[in-house]
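The lines below spell out each chain.
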Amino acid sequence: MAAGAQGGGAWLAGLPLAEARGGAGLKCGLVPMAAAPEPGEPEKGKPFKLLGILDVENIPCARDSILYGSLGSVVAGLGHFLLTSRIRRSCDVGAGGFVVVTLGCWFHCRYNYAKQRIRERIAREGIKNKILYESTHLDPERKQSNSSN
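As a starting point, this report considers the structure included with it. Per-chain numbering applies: the sequence of each chain, read as written, is numbered from 1 onward. It should be noted that, the model being predicted, local features are given only for residues of pLDDT at least 70 and side-chain atom pairs only at 80 or more, the latter also being counted only at that level, while totals for whole chains, interfaces and linings use all residues. Here the side-chain values reflect all heavy atoms present in the structure, with hydrogen atoms and water set aside.

1. Concerning the state of the cysteines
Note the cut-off: The rule for a disulfide is simple: a pair of cysteine sulfur atoms within 2.5 Å. Labels follow the DSSP assignment, with helices taken as runs of H or I lasting at least four residues and strands as runs of E lasting at least two, numbered in each case from the N terminus.
Tallying each qualifying case throughout the model produces 1 disulfide. A disulfide bridge connects Cys61 with Cys109, and the sulfur atoms are separated by 2.0 Å. The disulfide joining Cys61 to Cys109 has a torsion of about -70° about its S-S bond and is therefore left-handed. Taken together, the residues span a long stretch of sequence, with Cys61 in the loop between strand 2 (54–55) and helix 3 (62–84) and Cys109 in helix 4 (residues 87–133) at a distance of 48 residues. Unpaired in terms of disulfides, Cys105 finds its nearest cysteine sulfur in Cys109, a separation of 8.4 Å.

2. Side note on a nonpolar patch on the surface
Here is the rule we go by: The patches described consist of residues with a relative accessible area above 30% and no salt bridge, like charges being joined within 9 Å and nonpolar side chains (Val, Leu, Ile, Met, Phe, Trp, Tyr) within 5 Å. Here the Shrake-Rupley method, with its probe set to 1.4 Å, supplies the accessible areas, and only the displayed protein chains count as covering residues. In the sections that follow, a salt bridge refers to a side-chain nitrogen of Lys or Arg positioned within 4 Å of a carboxyl oxygen of Asp or Glu.
A cluster of nonpolar side chains, contributed by Val74, Leu78, Phe81, Leu82 and Ile87, occupies part of the molecular surface with about 510 Å² of accessible area. When residues in the nonpolar patch are grouped by element, the largest group, 4 residues, is from helix 3. When you line up the elements, Phe81 lands in helix 3.

3. Examining unusual backbone geometry
Put simply, the test is: Each residue's exposure class comes from its accessible area (1.4 Å probe, protein chains only) as a fraction of the maximum for that residue type: buried when under 20%, exposed when over 50%, partly exposed otherwise.
Residues other than glycine seldom take positive phi values, yet Cys61 does so here, at roughly 75°. Among the residues examined, Cys61 registers a relative accessible area of 10% and is labelled buried. Despite not being glycine, Ser85 has its phi angle at roughly 60°, a positive value. Along the chain, the position of Ser85 falls in the loop between helix 3 and helix 4.

4. Notes on the side chain of Ser73
Stated formally: Polar contact is the term for a pair of N or O atoms within 3.5 Å; when the atoms are in protein, one must be able to donate a hydrogen and the other to accept it, and sequence-neighboring residues count only if both atoms are side-chain atoms. When checking whether two residues touch, look at their non-hydrogen atoms; a contact exists if any pair is within 4.5 Å.
As for its placement among the helices and strands, Ser73 is situated in helix 3. Looking at Ser73, its side chain comes within polar contact range of the main-chain oxygen of Ser70, at 2.7 Å. Beyond its immediate chain neighbours, meaning those up to four positions away, Ser73 contacts Gly94, Gly97 and Phe98.

In short, shape yes, function no, at least from these values alone.
Next comes the structure, spelled out in C-alpha cells:
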C-alpha cells in the first residue's frame, strides 16, 4: 500500500474512503484534504528570511538584488581567478563583487520603486479630484470649455 494512502492527502481528495484505504471500511464519504491551498492562492507559511533578518519574499527588490549579487560574485571571482590564478584574492574579489552588485541593484531598484509609488500617488489623487470636482463650478475642464465658447 502506498504511503499516502494511509493518512490521506491532496491526491486522494476525490476518492471514496473505501478505495483510499485499500477497499476496506465504509463505502461512503471522502478522504479529507490535507491543508493544501487553492490553486492561484499564495501559500501562507513561514516567510523565508535570509540570514534571519532580510525577508526576501515580502521586501521589494530584495530577491532580485540578492540573485544579481550572487551572479556578480561568481563572475567577478571566476574572472579574476582565470586572469591571475590567485585563489585567495579571487575569493576576496568575489565577495567584493557580491557587495557592490547587490548594493547597486538594491539602490537602483528602490529608487525606481519610490518613483513608481510617487507617480501612483499623484495619479490616485488626480482621479480622486476628478471624481470630486466633476460637474461642479470648480471643474477645470468646465472652465476651459466655457472660456472657449
